[in-house]
Amino acid sequence: MKYISTRDSSNQCDFTQAMVQGLANDGGLFVPQTWPKIDIKAMSEINDYAQFAQNLLQPFLAESELALDLEKICRTAFDFKIPLVELREQTAVLELFHGPTAAFKDVGARFLAGCMQDYLMKNPSGKKNTVLVATSGDTGGAVAAAFYGMPNLDVKILFPAGRISPRQEKQLTAWGGNVFAFAVQGTFDDCQKLVKETLLDADLKRQVNFISANSINIGRILPQMVYYAFASSAYFKKHGAAPGFIIPSGNLGNSLAAVWAQKLGFPISQVVLATNANSTVLHYAQSGRYVAQSTVATLANAMDVGNPSNMERYLNLFSHTEFTQKLQVFSVDDQKIKDCIRNGESKWGQVWCPHTAVAVYVREQLKSPHWIVVATAHPAKFESIVEPLIGHAVPVPQSLEQILKKPSQSQMLQPDLAQFRKYLL
Ligand SMILES: *Cc1c(COP(=O)(O)O)cnc(C)c1O
């Protein structure tokens, strides 16, 4: 299997190269060149998640040097439960938050970390290996957890000091070992700028092998197809109907994985993008013109994106007409998110996180049956929003509890490369 850049289909490489490069050298994003033929019926007989993942992803890693290690990588990445919980009114919820940092990003980050570790073992860089991430919330925690404890590699996380929730901060600063957190005195954009400056610095690059773990990496998108394929197969087997997925969306990586699973032939009737007040995608759907907007802060902060990075992959895949035929897009404001969380227990018997609430609101607007609402984070991660609305405490899952008990450690940093440099070498 080859991967091509969205900007130039003659720019090709295999999975390993696409993963290591992160971004294609022409600035485009990697997408699969062809779509393998999958035996959907045979796949639906597999009940073990890791085995299912291995069979599904095997053609995508074919001819890559990691192909033979896929089984091991899948066993480590898919080692927590991903339950499909049936509610009422032919609606189910796909709980993607049972991983180490209680959000769906654990799946992609753990698969990518497994692949990277394997790659570095086979191709030692001879330099210090550093995963560098700027984060505004969930990504940094998932990446830290996934790469924590790996030999010959460290993780440096930049977060905007005082601008993330205390529990999100804990998930960045409480690891120790090979994970270092920097509290940048500035905004998320300052953090991102510092990462870019670092990656452009020839002197640093000579001494350090920087590894990209951001969410446009193909190594994070591909494994996310697995839970859509598995859940739709299981639902179809039980109900004899193909479900639609309603997906809380920001950078559109998670929904793209659902669209790819649909393209492979899995029984998915529709993919619905549930966005917050950041309505760039809705405007594109309505007007056919893509205009990036500045980001609006909302209660669903992991979806506060005005210029979704995976839009480039969507525009490469679909014309505007196809986009509107294949996808429905909704934009949900904070007031509706609050109402949805407040009524969650009486309406659905569930406590929703603010991101999942966006999708639940959309579900309540839709008529036809057979919907799977995608729950992207555990509500306990956002207790300061959720608890006042439901009027009681949210029990903390065990994985989160463990990290909350550990002491925090972070380094204050001015958004200044000269200062950051000494921590990188
Ligand atoms: C990152 C994130 C999203 C948005 O996912 P995209 O792939 O960027 O669309 C939604 N919910 C939660 C909890 C997240 O952390």
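About the thresholds
- Starting from 1, residues in each chain are numbered consecutively following that chain's sequence as written.
- This being a predicted model, a pLDDT of at least 70 is required before a residue's local features are given, and a value of 80 or more before pairs of side-chain atoms are given or counted; all residues contribute to the totals for chains, interfaces and linings.
- Only heavy atoms go into the side-chain values, all of them from the structure, while hydrogens and water stay out.
- Think of it this way: any DSSP run of H or I at least four residues long counts as a helix, any run of E at least two long counts as a strand, and we number them from the N terminus.
- It is over C-alpha atoms that the radius of gyration is taken, and the globule rule equals 2.2 Å times the number of residues to the power 0.38.
- Burial classification: accessible surface area is computed with a 1.4 Å probe over protein chains only, and a residue below 20% of its type maximum counts as buried, one above 50% as exposed, and the rest as partly exposed.
- Should any heavy atoms of two residues lie within 4.5 Å, those residues are counted as being in contact.
- Computed with the Shrake-Rupley method and a 1.4 Å probe, the accessible areas treat only the protein chains shown as cover for residues.
- For the charge count, each Lys or Arg is scored as positive and each Asp or Glu as negative, with His and the chain ends excluded.
- Charge positions are represented by NZ for Lys, CZ for Arg, CG for Asp and CD for Glu.
- The nearness test applies per residue and asks whether one of its heavy atoms lies within 4 Å of the molecule or strand.
- Within 3.5 Å is the distance limit for a polar contact, defined as a pair of N or O atoms, with the added protein rule that one can donate a hydrogen and the other accept it, and that residues adjacent in sequence qualify only through two side-chain atoms.
- All residues other than Ala, Val, Leu, Ile, Met, Phe, Trp, Tyr, Cys, Pro, Asp, Glu, Lys and Arg, Gly among them, are scored as polar; the first ten of these are nonpolar and the last four charged.
- Pairing between two strands requires that DSSP report at least two bridges joining them.
- Only the contacting stretch of a helix is used when fitting its axis, a line to C-alpha atoms as for every element, and angles between N-to-C directions run 0 to 180 degrees.
- Nonpolar cores are built from buried Ala, Val, Leu, Ile, Met, Phe, Trp, Tyr and Cys residues. Side-chain atoms within 4.5 Å join them into one set.
- Between the first and last residue of a helix there are one fewer steps than residues, each counted as 1.5 Å, and that sum is the expected span.
- Of all possible arcs, the one meant is that of the directions from the helix axis to the C-beta atoms.
- Should a side-chain nitrogen of Lys or Arg be within 4 Å of a carboxyl oxygen of Asp or Glu, the pair is scored as a salt bridge.

J.: What should I look at first to understand the overall build of the protein in this one?
T.: Along the backbone of the protein there are 19 helices and 14 strands. Its C-alpha radius of gyration of 21 Å places the protein within 12% of the 22 Å reference for a compact globule of 425 residues. The dimensions of the protein, computed from C-alpha atoms along their principal axes, are 60 × 50 × 40 Å. The proportion of buried residues among the 425 residues of the protein is 56%. Long-range pairs, those at least 24 residues apart, make up 74% of the contacts in the protein with a sequence separation of at least 6. About 17000 Å² of surface is accessible on the protein, with carbon and sulfur atoms providing 50% of the total. Computed over 39 positive and 36 negative side-chain charges, the inter-centroid distance for the protein is 0 Å.

J.: How should I be thinking about the site of the ligand in this particular structure?
T.: Residues in close proximity to the ligand total 15 residues, the closest being K105, D138, G250, N251 and L252. The side chain of D138 places a nitrogen or oxygen atom 2.6 Å from an oxygen atom of the ligand. Here an oxygen atom of the ligand and a backbone polar atom of G253 are 3.1 Å apart. Against a free-state accessible area of 390 Å², the protein chains account for coverage of 96% of the ligand. Grouping the constituent residues of the shell around the ligand by class yields six nonpolar, seven polar and two charged.

J.: When you look at the sheet that holds strand 5 (residues 91-95) in this model, what are you seeing that I'm missing?
T.: Each strand in a sheet pairs with its neighbour through backbone hydrogen bonds, running either in the same direction (parallel) or in the opposite one (antiparallel). Reading across from one edge, 4-5-13-10-11-12 is the order of the six strands in this open sheet, with mixed pairing throughout. In the strand order of this sheet, the two ends are held by strand 4 (84-86) and strand 12 (327-331), each with one partner. Averaged over all pairs of adjacent strands, the angle between their axes in this sheet comes to 25°, without regard to strand direction. Pairing of strand 11 (residues 271-275) with strand 12 involves five bridges; the strand directions are parallel. Bridge assignment links T275 to a residue of strand 12, and that residue is S331. Sheet strands in contact with helix 16 (residues 354-365) are strand 5, strand 10 (244-248), strand 11, strand 12 and strand 13 (371-375), and its direction is about 165° off that of strand 13.

J.: Got a minute to help me understand the nonpolar core in this structure?
T.: The nonpolar side chains of a soluble globular protein tend to be buried with one another. Core analysis: the largest hydrophobic core is formed by 136 residues, its most contacted members being F15, L56, F147, M225, Y228 and F323. In this structure Y228 touches F245, I247, N254, A257, A258, A261, I268 and V374, once residues within four positions along its chain are discounted. Of all hydrophobic cores here, the second largest spans 15 residues; its members include L158, F182, V208 and L413.

J.: Help me understand helix 11 (residues 253-263), please; the structure alone is not making it clear to me.
T.: Every α-helix winds through 3.6 residues per turn, so residues three or four apart in the chain are directed the same way. With nine of 11 residues buried, helix 11 is to be regarded as a mostly interior element. Taken together, the buried positions of helix 11 are occupied by G253, N254, S255, L256, A257, A258, V259, W260 and A261. Directly beyond the C-terminal end of helix 11, a positive phi value near 105° is found at G265.

J.: Quick question: what am I supposed to make of the environment of I221 here?
T.: By the secondary structure assignment, I221 is in helix 10 (residues 218-239). For I221, a relative accessible area of 1% gives the class buried. Sequence separation of I221 and A241 is 20 residues, and the distance between their C-alpha atoms is 26 Å. Beyond its immediate chain neighbours, meaning those up to four positions away, I221 contacts S215, G253, L256, A257, W260, N310 and R313.

J.: Help me out: how do you make sense of helix 8 (residues 188-200) in this one?
T.: Taking 1.5 Å of rise per residue, the 13 residues of helix 8 would be expected to cover 18 Å, and the 19 Å separating its terminal C-alpha atoms lies within 8% of that figure. Among all positions of helix 8, only C191, L194, V195 and T198 are buried. Taken end-on, helix 8 shows its buried residues confined to a sector of 100°, consistent with a single buried face. Seen from the buried face of helix 8, the exposed residues on the opposite side, beyond 90 degrees, are D189, K193, K196 and L200.

J.: Looking at this model, I keep getting lost on the pattern of salt bridges. Mind explaining?
T.: Two side chains bearing opposite charge may form a pair once their charged atoms approach each other closely. The final tally for this structure, using the stated rule, is 20 salt bridges. With a shortest N-O distance of 3.6 Å, R167 and E383 are connected by a salt bridge. Placement of R167 in helix 7 (residues 166-173) and of E383 in helix 17 (residues 383-390) is noted, with a sequence separation of 216 residues between them. When sorted by exposure, R167 lands in the same class as E383, which is buried. Beyond isolated ion pairs, a larger network of salt bridges with shared partners links D69, K72, D118 and K122.

J.: Looking at this structure, I do not really get the sheet that holds strand 8 (residues 179-184). What am I missing?
T.: Here we have five strands laid out as an open sheet, ordered 9-6-7-8-14, and parallel in their pairing. The open sheet has two edge strands with one neighbour each: strand 9 (208-212) and strand 14 (411-413). Across the sheet, the mean angle separating the axes of adjacent strands is 30° when strand polarity is ignored. Against the sheet, helix 5 (residues 105-122) contacts strand 6 (128-134) and strand 9, and its axis sits at roughly 150° relative to strand 9. Sitting on the sheet, helix 7 is in contact with strand 7 (154-160) and strand 8, with an inclination near 155° to strand 7.

J.: Please explain the side chain of R313 as it appears in this structure.
T.: Of note, R313 is situated in helix 13 (residues 311-317). With residues up to four places along the chain from it excluded, the contact list for R313 reads T6, L29, F30, V31, I216, I218, I221, L256 and W260.

Don't take any of this as a statement about function, it's just geometry.
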